[in-house]
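Residues per chain, in single letters:
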Amino acid sequence: MGRGEVAPRTAGGLRDNRMVSLHADELPDVLAVTPLSAPPDVSLRPPGSKSITNRALICAALAPGRSTLTGVLFADDTHAMLGAVRALGATVTADEAAYTVVVDGVDPRTATEPATVDARMSGTTSRFVLPAAALRPVRSVVDGSPQLRARPFGPLTDALRELGATVEDLGTPGFLPVAVTGPVAGGKVPLPGHLSSQFLSGLLMAGPLMADGLSVELTSPLVSVPYVEATTAVMAAFGVTVDGLRVQPGAYRATDYAIEPDASAASYLLAAAAIGEGRVTVEGLGTGSLQGDVRFADLLERMGARVERTADRITVTGTGTLHGIDVDMADISDTAQTLAAVAVFADSPTRVRGIGFIRKKETDRIAAVVTELRRAGLDAVEDEDGFTINPGPPAPTAFDTYEDHRMAMSLALLGLRVPGIEIRDPRCVAKTYPTYFVDLARL
Ligand SMILES: O=C(O)C1=C[C@@H](OP(=O)(O)O)[C@@H](O)[C@H](O)C1
Ligand SMILES: C=C(OP(=O)(O)O)C(=O)O
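For clarity, every value in this text was computed on a predicted model and none was experimentally measured. (Residues numbered from 1 in each chain as written. Chains lettered and ligands numbered in written order. Predicted model: local features only at pLDDT ≥ 70, side-chain atom pairs only at ≥ 80, totals over all residues. Heavy atoms only, no water.)

Undergrad: Would you take a moment to explain the nonpolar core for this structure?
TA: Grouped burial of nonpolar side chains is what soluble globular proteins tend to show. With 83 residues, the main nonpolar core has Leu 373, Leu 413 and Tyr 436 as its most contacted residues. Each residue touching Leu 413, except ones within four places of it in the same chain, is listed here: Tyr 268, Ala 271, Ala 272, Ile 275, Thr 338, Ala 341, Tyr 436 and Leu 440. In this structure, Phe 74, Leu 130, Leu 148 and Tyr 252 belong to the second largest nonpolar core, which totals 67 residues. (Core = buried A, V, L, I, M, F, W, Y, C linked by side-chain atoms within 4.5 Å. Buried < 20%, exposed > 50% of the residue type's maximum accessible area, 1.4 Å probe, protein only. Contact = heavy atoms within 4.5 Å.)

Undergrad: Explain the pattern of salt bridges here, please?
TA: Where charged atoms of side chains with opposite charge meet at close range, the side chains can pair. In this structure the tally under the stated criterion is 30 salt bridges. Two residues, Asp 29 and Arg 427, come together in a salt bridge whose shortest N-O distance is 2.8 Å. Of this pair, Asp 29 sits in the loop between β3 (20–21) and β4 (30–33) while Arg 427 sits in the loop between β25 (421–424) and α13 (436–441); the two residues are 398 residues apart in sequence, bridging distant segments of the chain. On the accessibility criterion, Asp 29 (53% relative accessible area) is exposed. A relative accessible area of 33% means that Arg 427 is categorised as partly exposed. Residues Asp 41 and Arg 279 are paired through a salt bridge, measuring 3.1 Å at the closest nitrogen-oxygen approach. Separated by 238 residues along the polypeptide, Asp 41 in strand β5 (residues 41–44) and Arg 279 in strand β17 (residues 279–283) bring together distant segments of the chain. In this structure Asp 41 comes out as exposed when scored by relative accessible area, which is 52%. By relative accessible area, Arg 279 is classed as partly exposed at 41%. One salt-bridge network, in which partners are shared between bridges, spans Lys 50, Asp 77, Asp 334, Glu 362, Arg 365, Asp 404, Arg 406 and Lys 431. (Salt bridge = Lys/Arg side-chain N within 4 Å of Asp/Glu carboxyl O. Helix = DSSP H or I, 4+ residues; strand = E, 2+ residues; numbered from the N terminus.)

Undergrad: Explain the packing of helix α10 (residues 336–343) against helix α12 (residues 405–412) here, please?
TA: A pair of packed helices is captured by two measures, namely the crossing angle of their axes and the spacing between those axes. Relative orientation of the contacting elements α10 and α12 amounts to 20°, with a least axis distance of 8 Å. By the angle class used here, α10 and α12 are roughly parallel. When the axes of α10 and α12 are compared, the crossing they make is right-handed. Here Gln 337, Thr 338 and Ala 341 of α10 come into contact with α12, specifically with Arg 406, Met 407 and Ser 410. Classifying every residue of the contact of α10 with α12 gives two nonpolar, three polar and one charged. (Axes fitted to C-alpha atoms, helices over the stretch in contact; angles between N-to-C directions. Parallel < 35°, antiparallel > 145°, perpendicular 65-115°, else oblique. Left-handed = near helix turned anticlockwise from the far one by under 90°. Nonpolar A, V, L, I, M, F, W, Y, C, P; charged D, E, K, R; others polar.)

Undergrad: Help me understand the site of ligand 1 in this model?
TA: Of all residues adjacent to ligand 1, which total 13 residues, the nearest are Ser 196, Ser 197, Ser 224, Asp 334 and Lys 361. Ser 196 places a side-chain nitrogen or oxygen 2.6 Å from an oxygen atom of ligand 1. In this structure, an oxygen atom belonging to ligand 1 sits 2.6 Å away from a side-chain N or O atom of Asp 334. Burial of ligand 1 by the surrounding chains reaches 97%, relative to a free accessible area of 390 Å². Within the residue set of the shell around ligand 1, elements represented by two or more residues are α1 (50–62) and α3 (123–133). Sorting elements by how many residues they give to the shell around ligand 1 places α1 first, with three residues. (Near = heavy atom within 4 Å. Polar contact = N/O pair within 3.5 Å; in protein donor to acceptor, adjacent residues only side chain to side chain. Areas by Shrake-Rupley, 256 points an atom, 1.4 Å probe, with all protein chains shown as cover.)

Undergrad: Which parts of the structure should I look at to understand the environment of Glu 372?
TA: Structurally, Glu 372 can be placed in helix α11 (residues 365–375). Taking the C-alpha atoms as reference, Glu 372 lies 8.6 Å from Leu 411; in sequence the two are 39 residues apart. Beyond its immediate chain neighbours, meaning those up to four positions away, Glu 372 contacts Phe 399, Asp 400, Tyr 402, Met 407 and Leu 411. Side chain to side chain, Glu 372 and Arg 375 meet in a polar contact 2.9 Å long.

Undergrad: Looking at this model, I keep getting lost on the sheet that holds strand β6 (residues 65–70). Mind explaining?
TA: Adjacent strands of a sheet form backbone hydrogen bonds with each other and so pair up, either parallel or antiparallel. Spatially, four strands are ordered β7-β8-β6-β16 in an open sheet, and the strand pairing comes out mixed. Since the sheet does not close on itself, it has two edges, and those belong to β7 (91–95) and β16 (256–258), each with one partner. Shown here is a sheet whose adjacent strand axes are inclined to one another by a mean of 15°, direction ignored. Judged from the three bridges that link them, β6 and β16 form a sheet pairing that is parallel. Within β16, the position partnered with Leu 69 by the bridge is Tyr 257. (Pairing = 2+ DSSP bridges.)

Undergrad: Before we go on, may I ask you to explain the sheet that holds strand β11 (residues 166–169) in this structure?
TA: Taking strand neighbours across the sheet as the criterion, the four strands line up as β9-β10-β12-β11 in an open arrangement whose pairing is mixed. Each edge of the open sheet carries a strand with a single partner, namely β9 (115–118) and β11. Sheet twist, expressed as the average angle between the axes of neighbouring strands with direction ignored, equals 20°. Alignment of β11 against strand β12 (residues 178–181), held across four bridges, turns out to be antiparallel. Opposite Glu 168, over in β12, you have Ala 179 as the bridge partner. On top of the sheet, helix α5 (residues 154–162) reaches β11 and β12; it is set at about 145° to β11, its chief contact.

Undergrad: Please explain α12 as it appears in this structure.
TA: Across the eight residues that make up α12, a large majority, eight, are buried. Every buried residue of α12 is listed here: His 405, Arg 406, Met 407, Ala 408, Met 409, Ser 410, Leu 411 and Ala 412. Near the N-terminus of α12, the side chain that reaches the backbone nitrogen of Arg 406, with its oxygen 3.0 Å away, is that of Asp 404.

Undergrad: Can you walk me through unusual backbone geometry in this structure?
TA: What you tend to see is this: most non-glycine residues have negative phi, and most peptide bonds are trans. A cis amide bond links Leu 176 to the next residue, Pro 177, at an omega of 0°. By the element assignment, Pro 177 lies in the loop between β11 and β12. The amide bond that connects Gly 182 to the next residue, Pro 183, takes the cis arrangement and shows omega of 5°. Following the sequence through the fold, Pro 183 ends up in the loop between β12 and β13 (187–191). A positive phi angle is found at Tyr 99, which is not glycine, with a value near 55°. Tracing the chain through its elements places Tyr 99 in the loop between β7 and β8 (100–105). For Tyr 99, a relative accessible area of 36% gives the class partly exposed. Residues other than glycine seldom take positive phi values, yet Glu 403 does so here, at roughly 50°. If you trace the backbone, Glu 403 turns up in the loop between β24 (397–399) and α12.

Structural data, given as structure tokens:
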């Protein structure tokens, strides 16, 4: 995928072409979105999945021997993970132009060097790397950005202590930074599920290298369930079986692994078809996807868009009709802000439930999306576990993005239909989708 060229401060239209790149590295402080001049009719392949890339990197790093990963996402969150697995002793050779990473993994139980990991803003990196670091008989420090330091971490440190690791709180207990010294013995452990699924995914991936194996007992309902299914699927590709929430002692097998495109990233492109009353095909994602977020297309269908699916492709066609829906998004909460943007153009209110935990993501996403839509003159209401969007025409607005890539990507969609929409700090898309505005411009 090359870098797009469009007019300065402009995304969405290619006609006034003054050749300024829309890659995240080169975006201005404020980006104006130009409404679509015609309904989109495009086929796109989003970049590799962040979630699958970061799982495959952990499994490959723990698998002695050489693994080759293809379709890799190169974005801030995966650069964080590349740094993390290097710090843990894996040898990593990345070829960004070829979307490929070669990993020579090592058994962490033989480590002799202390490690320091900067997880940057990446929840997955921090929560996946700490249990892996706990397998090492030496001390590892894990830290991240101020934003990541504000996100919950305590369930993971509690679980690792219970499983036999030494965990030091280096700041506020329950938050980064922390230090861990293993080896973690393993065994049975209780774990809350209602804050994040990433604690469970991280523990499961370290499970086979714990001397006593691992058995997790959830003490509260699990959110983001499909991500745990993705974890066990990637582990299976590297030769490890998870039975319920139990993992026997064993070993990862180095392998060559193809990463599918990112389904959360795809949500913006598919939403654009519904909003822009055109047609968008997302290649490489379909009924065979490992990612729950492909189900975002089901919601567009419920709202009135036409959806066609094959094993590896989804096409959404906007029909000009969009009805509001009432939906629990606990399984696919990364697409809740995308749905909010679509809901603005529906003919009845949309209520999203079950996502109270997204208040602890990059920002309080419920408060942020409601605040910004209200600034655009919409009647949006914050609920404890979600939000309600009453549709209406958005006023020209420069949206704040709260250092949250998904705020930027979702709110930009309004500008495809409404003039005067601007995105402040659009560079925050670099966290998971540095070429987002390049792809948006292709619509
Ligand atoms: O495991 C993963 O790859 C992810 C799980 C989800 O987080 P939570 O489990 O914290 O909801 C999701 O929001 C995040 O973007 C990626
Ligand atoms: C919540 C997200 O990421 P993470 O938890 O991995 O930082 C996200 O990508 O929306």
